[in-house]
Amino acid sequence: MEGLLKLSTLVIVCMLVSAPMASEAAISCGAVASNLGQCINYLTRGGFIPRGCCFGVRRLNGMARTTRDRQQACRCIQGAARALGSRLNPGRAARLPGACRVRIAYPISARTNCNRVR
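No experiment lies behind these values; they were computed from the predicted model shown.

> What's the story with the overall build of the protein chain in this structure? I'm lost.
Regarding its fold elements, the protein chain presents six helices and zero strands. For the protein chain, the proportion of its 118 residues judged to be buried stands at 42%. Working note: accessible area of the protein chain is about 7100 Å², and carbon and sulfur atoms make up 55% of it.

Next comes the structure, spelled out in structure tokens:
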């Protein structure tokens, strides 16, 4: 139940963050949240990475075809990270794409400048 509450909060925050940008990109923060939802327990508590998490990471990576898509996904991920606050382990977040065997062109970090993502 706690995981469902976290996911719901994450989706709501992502929707609020994405509303002004929805017309600019094909990827919504809701799509980012739904694809990464199964990763939350790993990102906050550790343990093993669920298969569904890596599936979502790969799917999201495939959806981000244009620069605008990748920048939007970056912003959504950062918004979700802010929503999780201190519960998020930044090291696990940074390592997640590699652990799922996905190569992305920018680091997963609160310091990433999403406007520079190509």
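So, next bit.
> How should the side chain of Arg92 be read in this particular structure?
Locating Arg92 in the fold gives a position in helix H6 (residues 90–99). Sequence-distant contacts of Arg92, that is, excluding residues within four places in its chain, are made with Tyr42, Leu43, Thr44, Arg45 and Gly46.

> Can you walk me through the nonpolar core in this structure?
For soluble globular proteins, nonpolar side chains are generally found buried alongside one another. Of all hydrophobic cores here, the largest spans 27 residues; its most connected members are Val32, Leu36, Cys39, Leu43, Val57, Leu96 and Tyr106. Contributions of two or more residues to this core are made by helix H2 (29–36), helix H3 (40–45), helix H4 (51–63), helix H5 (67–84) and H6. Considering every element that reaches this core, the biggest residue donor is H5, with five residues. Here Leu96 is in contact with Cys39, Tyr42, Leu43, Ile49, Cys53 and Val57, once residues within four sequence places are set aside.

> Looking at this structure, I do not really get the state of the cysteines. What am I missing?
Should the sulfur atoms of two cysteines be covalently bonded, the bond is a disulfide. Summed over all chains, the structure comprises four disulfides. Sulfur-sulfur distance for the disulfide between Cys74 and Cys114 comes to 2.0 Å. Taking the sign of the S-S torsion, -70° for the link of Cys74 and Cys114, the bridge is left-handed. Residue Cys74 is found in helix H5, and its partner Cys114 is found in the segment after H6; the two are separated by 40 residues along the sequence.

> Can you help me understand H5 in this one?
Because an α-helix completes one turn every 3.6 residues, residues spaced three or four positions apart along the sequence face the same direction. Compared with the 26 Å implied by 1.5 Å per residue over 18 residues, the 26 Å span of H5 between its first and last C-alpha is a close match. Within the span of H5, buried status applies to Asp69, Gln71, Gln72, Ala73, Cys74, Cys76, Ile77, Gln78, Gly79, Ala80 and Leu84. Backbone geometry just after H5 places Gly85 at a positive phi near 60°.

> Whenever I open this one, unusual backbone geometry confuses me. Can you help?
Peptide bonds are mostly trans, and most non-glycine residues show a negative phi. Residue Arg101 is not a glycine yet carries a positive backbone phi of 60°. Within the secondary structure, Arg101 sits in the segment after H6. Residue classification places Arg101 among the exposed residues on the basis of a relative accessible area of 79%.

> What am I meant to see in the layout of surface pockets here?
Left-over empty space is what a probe sized like a water molecule reveals as it rolls over the atoms. Within this model, the largest pocket holds a volume of roughly 700 Å³. Forming the walls of the largest pocket are 38 residues, and the residues nearest its centre are Leu36, Ile77, Gln78, Ala93 and Ile108. Contributions of two or more residues to the lining of the largest pocket are made by helix H1 (2–18), H2, H3, H4, H5 and H6. By residue number, the principal contributor to the lining of the largest pocket is H5, which donates 10 residues. Tallied by class, the residues present in the lining of the largest pocket amount to 30 nonpolar, five polar and three charged.

What counts as what
- Residues numbered from 1 in each chain as written.
- Predicted model: local features only at pLDDT ≥ 70, side-chain atom pairs only at ≥ 80, totals over all residues.
- Heavy atoms only, no water.
- Helix = DSSP H or I, 4+ residues; strand = E, 2+ residues; numbered from the N terminus.
- Buried < 20%, exposed > 50% of the residue type's maximum accessible area, 1.4 Å probe, protein only.
- Areas by Shrake-Rupley, 256 points an atom, 1.4 Å probe, with all protein chains shown as cover.
- Contact = heavy atoms within 4.5 Å.
- Core = buried A, V, L, I, M, F, W, Y, C linked by side-chain atoms within 4.5 Å.
- Disulfide = S-S within 2.5 Å.
- Expected span 1.5 Å × (residues − 1).
- 1 Å grid on protein atoms, 1.4 Å probe; cavity = no way out; pocket = protein on both sides within 12 Å on 5 of 7 lines; lining within 4 Å.
- Points joined across faces, edges and corners; volume = space filled by probe spheres on them.
- Nonpolar A, V, L, I, M, F, W, Y, C, P; charged D, E, K, R; others polar.

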